[in-house]
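Overview (structure and organization)
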Amino acid sequence: MGFDLLPILLSTLIAGTPLVYAGLGELITERAGVLNMGVEGTMVTGAVVAFAVALTTGNLWLGVLAAMAAGALLSLLFAVLAISFRANQLAVGLAMTIFGTGLGSYLGKPYVGMALVQDATQAGGGLAQLPVVGPLFSAIHPLIWLSWDYCSAAVWYFLARSRAGLALRAVGEAPTSAHAIGYPVVRIRYWATLFGGAMSGIAGAYMSTVYASLWTEGLIAGRGWIAVALVVFATWRPERCIAGAYLFGGATMAQLFAQSAGIGLPSELMSALPYLATIVVLVLISRDSSLMRLSVPASLGKPFNPQG
Amino acid sequence: MSIRFELRAQPSKTMVWLSPIMAIALTCCVAMVIFALAGLEPVSALATFIFSPLADLYSVGELLIKAAPLILIAVGLAIGFRAGVWNVGGEGQLILGVIFGGFIALTYGPTGGIWVLPAMVVGGAIGGALWAGIPAFLRTHFNANEILTSLMLNYVAQLWLSYLIFGPWRDPAGFNFPQSAPLAPSALFPTLIDGTRANASILIALVAVGLGWALMSKSFVGFQLKVTGLSEGAAKYAGFSAKRAVWIGMLAGGVAAGIAGVGEIAGPLGQIFPTASPGYGYAAIIVAFLGRLNPIGILFSGLLMSLLYLSGDVAQMSLGLPSSITGLFQGTLLFFLLTADVLIHYRLALEPARPLYRREASNGL
């Protein structure tokens with residue numbers, strides 16, 4: 001029994017991790033009052049950049065860093081338009097997705113069909129030598145470990161316990177009051193957006209270098225949008241966001257579960273499951289209008305003009 | 001000297017139409033930079049990129065046939081966008097049109113008469129409307145964000161079509177390729193211009209432009225939709241139903257995209273492939289904004305976007321660039337458009353650098 005459960009748990013972890021990164025990044029952005037719907041495009045660009053850099057340099061971490069930079073750069077574009085110029089955030093986010101997807105498929109063209117050879121010893125390091133739990137460490141990629149301690153714990157601590165997190169939440173809930181106290185609303189929103197972009201970049205990097213070890217158009221397949229939906233599902237709380245990420249990760253892997261259980265449903269139906277689950281979950285959360293009113297950052301999607 | 005953005009007292013009517021032109025010009029500049037980076041002579045490459053798809057009558061036919069679905073979908077989406085309804089599910093609604101229209105074509109095409117094609121168009125419209133109705137229902141009843149739900153349904157629709165083409169609809173005589181059997185002649189649009197592939201689906205797009213214009217500029221419903229889009233509070237005060245606006249906005253896009261889907265299979269392809277749409281549902285969003293959400297404007301922006309699709313093929317064949325450059329330029333165009341649109345509400349003011357206190361004083365109005 002334990003041996004049957006382990007691969008399922010592992011695959012859920014592996015599939016949920018990009019959603020942890022992208023979801024937490026978007027969560028921080030939205031808690032500052034900025035609705036960035038360009039996660040999908042940022043992930044696509046991040047995936048291509050990471051793959052190209054990792055392939056040419058042979059170093060996975062350089063790829064991840066490059067993807068972070070690319071993601072932050074793209075979201076800087078978003079920030080200039082949506083925060084400084086106060087353009088419609090939905091429209092700019094959509095433009096980001098279309099632009100990022102186009103940029104990704106253009107830059108990625110030469111890399112289609114190439115495979116990234118993973119260095120097996122890179123994952124887990126010395127911990128993989130441990131008895132009993134050793135295989136766990138070799139199977140769980142460092143990027144997954146990082147998503148727990150660096151991301152999840154740090155994001156939770158930042159939002160709930162740190163002074164900067166308080167300022168960020170103040171900016172998202174009541175930008176005018178935050179401005180009156182002296183918080184730099186625009187600057188905080190910029191940083192929150194850049195952070196979200198960098199995290200989407202990591203999520204994309206994870207998809208192309210760890211999850212698939214290759215680049216192909218349609219690799220991201222809506223995971224960026226699922227991440228945006230995930231933040232709603234999480235009612236803007238990081239701990240629920242992580243739980244939700246693994247829930248959706250599990251849904252992505254439903255095909256494997258069904259196969260192993262001998263359920264003969266069409267594979268396309270199983271592949272549609274994460275998207276359908278996203279819709280169902282959105283409906284379940286959104287129907288409770290008082291919960292939504294309490295949870296959503298009050299200024300979400302609304303531009304702020306420091307001149308009043 | 002410093003440049004400052006000054007809020008205009010009134011949104012600039014000139015900038016509304018100047019902004020797309022600026023965006024196109026800036027995109028051309030970016031295109032030249034990319035061509036130069038790829039080691040091509042920028043100006044002549046741009047000329048090839050723009051003009052070679054228009055070299056002969058056949059190419060013009062191709063331009064029209066690609067513009068038709070883009071215009072049709074964009075007009076439908078624009079009605080929603082005007083009402084503040086964000087239907088980004090055009091792609092999925094188009095695919096539902098392919099599935100519903102394709103079902104009628106494959107089932108009744110070989111034996112049926114001239115009624116098959118009209119039935120396909122109606123079926124496609126119903127399919128698109130059903131798919132658009134889901135986000136509309138979820139929004140009006142459960143307050144679920146229609147952007148996310150309509151987008152998720154795009155992926156579901158694509159998987160549904162893949163299932164059909166790889167499964168029950170696969171052509172037994174098709175050497176195991178993922179494609180349906182060829183559609184019967186009665187299920188195809190008649191050719192409009194001899195020597196080209198331009199067919200009657202172009203007329204449908206023109207009708208849609210007319211209907212869209214009449215609805216948005218001449219009818220009370222259109223007025224209600226626009227008010228709802230501009231200010232939900234004002235609409236509520238006037239007694240205009242926000243739910244009805246969501247339904248009309250979503251269904252307009254769904255019907256248009258569904259019919260466009262039928263146009264794809266009943267057009268030059270004459271067969272159903274899993275990749276029935278080269279992203280028309282997404283490109284139509286750009287077309288709608290570039291055309292200022294105005295059916296007449298969309299007519300022109302649709303032609304431009306169609307040119308961009310054809311230029312992508314040219315880029316691949318004669319410039320040695322990947323055809324995915326089209327997607328890159330589409331995104332760039334939309335970005336520049338949104339940037340230039342800032343100037344509709346703001347003007348650039350050049351002013352000499354002044355000490356802070358004097359600026360405060362001048363702002364004290």
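Residues numbered from 1 in each chain as written. Chains lettered and ligands numbered in written order. Predicted model: local features only at pLDDT ≥ 70, side-chain atom pairs only at ≥ 80, totals over all residues. Heavy atoms only, no water.

1. Considerations on the overall build of chain B
Check the secondary structure of chain B and you find 14 helices and two strands. Taken over C-alpha atoms, the radius of gyration comes to 23 Å for chain B, in line with the 21 Å a tight globule of 365 residues would show. Projected onto the principal axes, the alpha-carbon positions of chain B cover approximately 80 × 60 × 35 Å. Within chain B, buried positions represent 54% of all 365 residues. Look at the contacts in chain B between residues 6 or more apart in sequence, and 77% of them connect residues 24 or more apart. Each charge class in chain B can be summarised by its mean position, and for the 18 positive and 14 negative side chains these summaries are 15 Å apart. (Helix = DSSP H or I, 4+ residues; strand = E, 2+ residues; numbered from the N terminus. Rg over C-alpha atoms; globule rule 2.2 N^0.38 Å. Buried < 20%, exposed > 50% of the residue type's maximum accessible area, 1.4 Å probe, protein only. Contact = heavy atoms within 4.5 Å. Lys, Arg positive; Asp, Glu negative; His and termini not counted. Charge placed at Lys NZ, Arg CZ, Asp CG, Glu CD.)

2. Looking at the overall build of chain A
When you go through chain A residue by residue, the secondary structure sums to 14 helices and zero strands. Counting from the amino terminus, chain A carries its helices and strands in the arrangement α-α-α-α-α-α-α-α-α-α-α-α-α-α. What you see for chain A is a C-alpha radius of gyration of 19 Å, in line with the 19 Å of a compact globule of 308 residues. With the C-alpha coordinates of chain A rotated into their principal frame, the extents come out at 60 × 45 × 40 Å. Here chain A holds 308 residues, and the buried ones make up 56% of them. For chain A, restricting intrachain contacts to residue pairs at least 6 apart in sequence, the fraction spanning at least 24 positions comes to 78%. Approximately 12,500 Å² of chain A is accessible, and the part contributed by carbon and sulfur atoms is 69%. Taking the average place of the 14 positive charges on the side chains of chain A and the average place of its 11 negative ones, the gap between the two points comes to 15 Å. (Areas by Shrake-Rupley, 256 points an atom, 1.4 Å probe, with all protein chains shown as cover.)

3. A word on the interface of chain B and chain A
Each partner contributes to the interface: chain B provides 38 residues, whereas chain A provides 38 residues. Buried surface at the junction of chain B and chain A, both sides included, amounts to about 3,600 Å², of which 83% is carbon and sulfur. When residues of chain B are sorted by the area they lose upon contact with chain A, B:Leu148, B:Met152 and B:Phe335 head the list and together hold 19% of the total. If you look at where chain B meets chain A, you find zero salt bridges. Here chain B is connected to chain A by four residue pairs in polar contact (both at pLDDT 80 or more). Mapped onto the side of chain B that touches chain A, the elements with two or more residues apiece are helix H5 (116–142), helix H6 (146–166), helix H11 (280–290) and helix H13 (325–345) of chain B. Top element by residues in the side of chain B that touches chain A is H6(B). It accounts for 12 residues. (Buried area = accessible area lost by both parts, 1.4 Å probe. Salt bridge = Lys/Arg side-chain N within 4 Å of Asp/Glu carboxyl O. Polar contact = N/O pair within 3.5 Å; in protein donor to acceptor, adjacent residues only side chain to side chain.)

4. Focus on the nonpolar core
Within the largest apolar cluster, 185 residues are counted, with the highest numbers of intra-cluster contacts made by A:Trp225, B:Phe35, B:Met120, B:Met305 and B:Ile325. For this core, the element with the most residues is H6(B), which contributes 12 residues. The contacts of B:Ile325, once residues within four sequence positions are left out, are A:Tyr106, B:Ile34, B:Phe35, B:Phe49, B:Gly312 and B:Ala315. In terms of nonpolar packing, the next biggest core, distinct from the first, is built from 11 residues, B:Ile79, B:Ala245, B:Val246 and B:Met250 among them. (Core = buried A, V, L, I, M, F, W, Y, C linked by side-chain atoms within 4.5 Å.)

5. Here we look at the pattern of salt bridges
All names here are of chain B. All chains considered together, the criterion is met by three salt bridges over all chains. Across the salt bridge formed by arginine 139 and glutamate 146, the nearest N and O atoms sit 3.0 Å from each other. Residue classification places glutamate 146 among the buried positions, given a relative accessible area of 6%. Across the pair aspartate 341 and arginine 292 runs a salt bridge whose closest N-O atoms are separated by 2.8 Å.

6. Thoughts on the packing of H5(B) against helix H10 (residues 242–269) of chain B
All names here are of chain B. At a closest axis distance of 6 Å, the pairing of H5 and H10 adopts a crossing angle of 145 degrees. Regarding H5 and H10, the two cross each other, and that crossing is right-handed. Class assignment of the residues belonging to the contact of H5 with H10 gives a composition of 18 nonpolar, six polar and two charged. (Axes fitted to C-alpha atoms, helices over the stretch in contact; angles between N-to-C directions. Left-handed = near helix turned anticlockwise from the far one by under 90°. Nonpolar A, V, L, I, M, F, W, Y, C, P; charged D, E, K, R; others polar.)

7. So, the packing of aromatic side chains
Here a ring pair, both rings aromatic, is described through the centre-centre distance and the interplanar angle of the planes. Residue and element names in this part refer to chain B. Applying the stated criterion to the full structure yields 17 aromatic pairs over all chains. Aromatic side chains phenylalanine 81 and phenylalanine 289 sit 5.1 Å apart centroid to centroid with 15 degrees between the ring planes, which places their arrangement in the stacked category. Highlighted residues: phenylalanine 81 in helix H3 (residues 57–82) and phenylalanine 289 in helix H11, separated in sequence by 208 residues. An aromatic cluster is defined as three or more aromatic residues linked by ring pairs; in this entry it consists of Phe35, Phe49 and Phe329. (Phe/Tyr/Trp six-rings, centres within 6.5 Å; stacked < 30°, edge-to-face > 60°.)

8. Points about unusual backbone geometry
Positive phi, close to 60 degrees, is recorded for A:Ser213, a residue that is not glycine. Of note, A:Ser213 is situated in the loop between helix H9 (185–211) and helix H10 (223–233).

9. Quick notes on helix H4 (residues 89–108) of chain A
All names here are of chain A. Here H4 is 20 residues long and its end C-alpha atoms lie 27 Å apart, about the 28 Å a rise of 1.5 Å per residue gives. The buried fraction of H4 amounts to 18 of the 20 residues, a majority that puts the element mostly inside the structure. Where H4 begins, the side chain of asparagine 88 points an oxygen toward the backbone nitrogen of leucine 90, at a separation of 2.8 Å. (Expected span 1.5 Å × (residues − 1).)

10. Here we look at the side chain of B:Ser301
Tracing the backbone through its elements, the reader meets B:Ser301 in helix H12 (residues 295–319). Excluding anything up to four places from it in sequence, B:Ser301 contacts B:Val287, B:Leu290 and B:Gly291.

11. Let's talk about a nonpolar patch on the surface
Residues and elements named next belong to chain B. Residues Leu57, Leu192, Ile193, Leu203 and Leu206 make up a contiguous nonpolar surface patch of roughly 420 Å² in combined accessible area. As for its position among the elements, isoleucine 193 is in the loop between H6 and helix H7 (201–218). With a relative accessible area of 31%, isoleucine 193 lands in the partly exposed category. (Patch = residues over 30% accessible without salt bridge, like charges linked within 9 Å, V, L, I, M, F, W, Y side chains within 5 Å.)

12. Remarks on the confidence of the model for chain B
All names here are of chain B. Predicted confidence across chain B gives a mean pLDDT of 89, with 95% of residues reaching 70 or more. The least confident element of chain B, judged by mean pLDDT, is helix H14 (residues 356–362) at 47; the most confident is H5 at 96. The model gives residues 358–365 a pLDDT under 50, and that stretch makes three contacts with residues more than four places away or in other chains. (pLDDT = per-residue confidence, 0-100.)

13. Examining the packing of H3(B) against H10(B)
All names here are of chain B. Closest axis-to-axis distance for the H3/H10 pair is 6 Å, and the angle between their directions is 170 degrees. Accordingly, the angle class assigned to the pair H3 and H10 is roughly antiparallel. Contacts between H3 and H10 involve Ile65, Pro69, Leu72, Ile73, Gly76, Leu77, Ile79 and Gly80 from the first element and Gly249, Ala252, Gly253, Ala256, Ala257, Ile259, Ala260, Glu264 and Pro268 from the second. In terms of residue class, the contact of H3 with H10 is built from 12 nonpolar, four polar and one charged. (Parallel < 35°, antiparallel > 145°, perpendicular 65-115°, else oblique.)

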